[in-house]
Amino acid sequence: MHNDLPIRKIIHVDMDAFYASVEQLDNPDLKGKPIAVGGGGARGVISAASYEARKFGVKSAMSGRLAEKLCPNLIFVKHRFERYKEISNKIRKIFLDYTDLVEPLSLDEAYLDVTENKIGLPSATLIAQKIRDRIFSEVGLTASAGISINKFVAKIASDYNKPNGQKTVNPEDVLQFLEELDIRKFYGVGKVTAEKMYQKGIFTGKDLKSKNIEYLEDNFGKSGKQYYYIVRGIHNNEVSPNRIRKSLAAERTFSENLSSEIFMLEKLNQIAEEVSNRLNKSKLLGKTITLKIKYSDFTLQTRSKTLPFFINDKSIILEIAKELLYQDSLKNSVRLLGISLSNLNTDKKLSEEPIDKEKKSVSVQLKFDF
């Protein structure tokens, strides 16, 4: 056993239908009703749906038209991002009363490392309950939480007893929990990867665990190594209060499909300006420009170019985006364009711990109370 291994108690807090819940909080007439944030208009896309709407199959990223077909009584409300940020900041202040190790993932979810916490409570499970109680009493919203030895398991666990619940995966239960897990619930396994795994007889964590690292790398590339370790409870990424941003992007969905490149260039000019402004505001520079094109048949295409130097200037971003647009003929009319910058000047490679230490991390944590 290594005494210098990281012994962590991690909480993943996830607000319940956050945007929609804020709208119901501020407008009592919406409580108990199926609502969707965004999605209005002929080409609108939903950002969030209340639990009442989810019962009908309405979910985020769905077109407003389809959502309305599924739920004829659906109520559409406009985004109010400033209000969501305001509520999010109140919730974050509650987190900081328990630990300074808070890593926000978005406005509505965050990781907390409470291994050493400000109230001296040894139970991460009780701390999660206290945090959820305070969010409800002080903000008026419900939250769900997952508690375990690492970020990966905690995030999966937070989805188990939603809404307004929590689940603790104790150290001694981690391996069995992961073995019994449907492969689709593994963070990072999307629809395409899941289908590929099904074809190879991998349906659960136990099936995944039966494959050696060489097999997984041969079949799933770089991700194969990650799958090999996470299914064994090995995921020692720290909760980082100053999480490194990997990319910055902006995009536009058009009210009518565009078939003229002249009109597309006009839109790209606006998008490039927004990206440049956000880069400057965040004091960021990037080397890789990616053009995102979504066609009228919803197929998606990306085109990228990496420069030998960092940029944040609108004119250069626009010039590269135009070059990428003309790089190949368009397959169809276009419903969405986006520009992103990655390979940012904040990127840094995190050092990996020796594998022999990582493999013992679960067994070491069995000695600690959750």
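Residues numbered from 1 in each chain as written. Predicted model: local features only at pLDDT ≥ 70, side-chain atom pairs only at ≥ 80, totals over all residues. Heavy atoms only, no water.

**Student:** What should I look at first to understand the overall build of the protein in this one?
**Tutor:** Counting secondary structure elements, the protein contains 15 helices and 12 strands. Taken over the C-alpha trace, the protein has a radius of gyration of 23 Å; the compact-globule value for 370 residues is 21 Å, and the two agree within 12%. Based on the C-alpha atoms only, the size of the protein along its principal axes is roughly 65 × 55 × 45 Å. Expressed as a percentage of its 370 residues, the buried residues of the protein come to 44%. In the protein, the proportion of contacts linking residues at least 24 apart, taken out of those at least 6 apart, comes to 64%. Of the accessible surface of the protein, which amounts to about 19300 Å², a share of 48% is contributed by carbon and sulfur atoms. Mean positive and mean negative side-chain charge positions of the protein (59 and 48 charges, respectively) differ by 2 Å. (Helix = DSSP H or I, 4+ residues; strand = E, 2+ residues; numbered from the N terminus. Rg over C-alpha atoms; globule rule 2.2 N^0.38 Å. Buried < 20%, exposed > 50% of the residue type's maximum accessible area, 1.4 Å probe, protein only. Contact = heavy atoms within 4.5 Å. Areas by Shrake-Rupley, 256 points an atom, 1.4 Å probe, with all protein chains shown as cover. Lys, Arg positive; Asp, Glu negative; His and termini not counted. Charge placed at Lys NZ, Arg CZ, Asp CG, Glu CD.)

**Student:** Help me understand the nonpolar core in this model?
**Tutor:** In globular proteins that are soluble, nonpolar side chains generally tend to be buried together. Ranked by internal contacts, the top residues of the largest apolar core, which has 60 residues, are Ile11, Phe18, Phe95, Leu112, Ile135, Phe186 and Leu208. Counting residues in each nonpolar core, the second largest holds 28 residues, with Leu248, Ala250, Leu291 and Tyr295 among its members. (Core = buried A, V, L, I, M, F, W, Y, C linked by side-chain atoms within 4.5 Å.)

**Student:** Can you help me understand the pairing of strand E5 (residues 102-106) in this one?
**Tutor:** Across a regular strand the side chains alternate sides, sitting on one face of the sheet and then on the other. One ladder, built from four bridges, connects E5 with strand E6 (residues 109-113); its direction is antiparallel. Of the residues in E6, the one forming a bridge with proline 104 is alanine 110. Between the antiparallel neighbours E5 and E6 lie two residues. (Pairing = 2+ DSSP bridges.)

**Student:** Would you explain the sheet that holds strand E4 (residues 75-77) in this entry?
**Tutor:** Strand pairs in the sheet, formed through backbone hydrogen bonds, run parallel or antiparallel to each other. Strand order across the open sheet formed by three strands is E3-E2-E4, with mixed pairing between neighbours. Both edges of this open sheet fall to strand E3 (46-49) and E4, since each of them pairs with a single strand only. Averaged over neighbouring strand pairs, the angle between their axes works out to 30° when direction is ignored. Pairing between strand E2 (residues 35-38) and E4: three bridges, direction parallel. Considered in E4, the bridge of isoleucine 35 is made with isoleucine 75. Against the sheet, helix H1 (residues 18-26) touches E2, E3 and E4, its axis set at about 110° to E2. (Axes fitted to C-alpha atoms, helices over the stretch in contact; angles between N-to-C directions.)

**Student:** Which parts of the structure should I look at to understand the pairing of strand E1 (residues 10-15)?
**Tutor:** Most of E1 sits out of view: six of its six residues are buried. Pairing of E1 with strand E7 (residues 143-148), which is carried by six bridges, proceeds in the antiparallel orientation. Across the sheet, the residue bridging to isoleucine 10 is serine 148, located in E7. Where E1 lies against E6, five bridges are found, and the strand directions are antiparallel. Within E6, the residue paired with isoleucine 11 across the bridge is leucine 112.

**Student:** I'm lost on unusual backbone geometry in this one. Help?
**Tutor:** Glycine aside, the phi torsion of most residues is negative, and most peptide linkages are trans. A cis geometry characterises the amide bond from lysine 162 onward to proline 163, with omega recorded as -10°. Note on placement: proline 163 falls in the loop between helix H6 (151-157) and strand E8 (166-168). Look at alanine 17: it is not a glycine, yet its phi comes out positive at around 45°. Along the chain, alanine 17 falls in the loop between E1 and H1. Even without a glycine there, the phi angle at lysine 283 is positive, about 55°.

**Student:** Where do I start with the confidence of the model for the protein in this structure?
**Tutor:** When pLDDT is low, close inspection of the predicted coordinates is not appropriate. Residue-level pLDDT values for the protein average 89, and 91% of them are 70 or greater. At the low end of the mean pLDDT range in the protein sits helix H14 (residues 355-358), at 44; at the high end sits helix H5 (residues 124-138), at 98. Within the model, pLDDT remains below 50 along residues 349-360, and this stretch shows 15 contacts once partners closer than five positions in the same chain are excluded. (pLDDT = per-residue confidence, 0-100.)

**Student:** Help me understand the side chain of serine 276 in this model?
**Tutor:** Within the secondary structure, serine 276 is located in helix H12 (residues 261-282). Under the relative-accessibility criterion, serine 276 is labelled buried at 6%. Beyond its immediate chain neighbours, meaning those up to four positions away, serine 276 contacts Asn312, Asp313, Lys314 and Ile317.

**Student:** Quick question: what am I supposed to make of the packing of aromatic side chains here?
**Tutor:** Any two aromatic rings considered together are summarised by their centre-to-centre distance and by the angle between their planes. This structure, assessed with the given rule, holds 10 aromatic pairs. Note on phenylalanine 81 and tyrosine 84: the rings are 5.7 Å apart at their centroids and 90° apart in plane angle, and the pair reads as edge-to-face. Of this pair, phenylalanine 81 and tyrosine 84 both sit in helix H4 (residues 81-96), separated by three residues, roughly a single helical turn. We classify phenylalanine 81 as partly exposed; its relative accessible area is 38%. An aromatic cluster is built from Phe18, Tyr19, Phe81 and Tyr84, whose rings are joined through pairwise contacts. In this structure, arginine 232 packs its charged tip against the face of tyrosine 228, placed 3.8 Å from the ring centre. (Phe/Tyr/Trp six-rings, centres within 6.5 Å; stacked < 30°, edge-to-face > 60°. Lys NZ or Arg CZ within 6 Å of the ring centre and 35° of its normal.)

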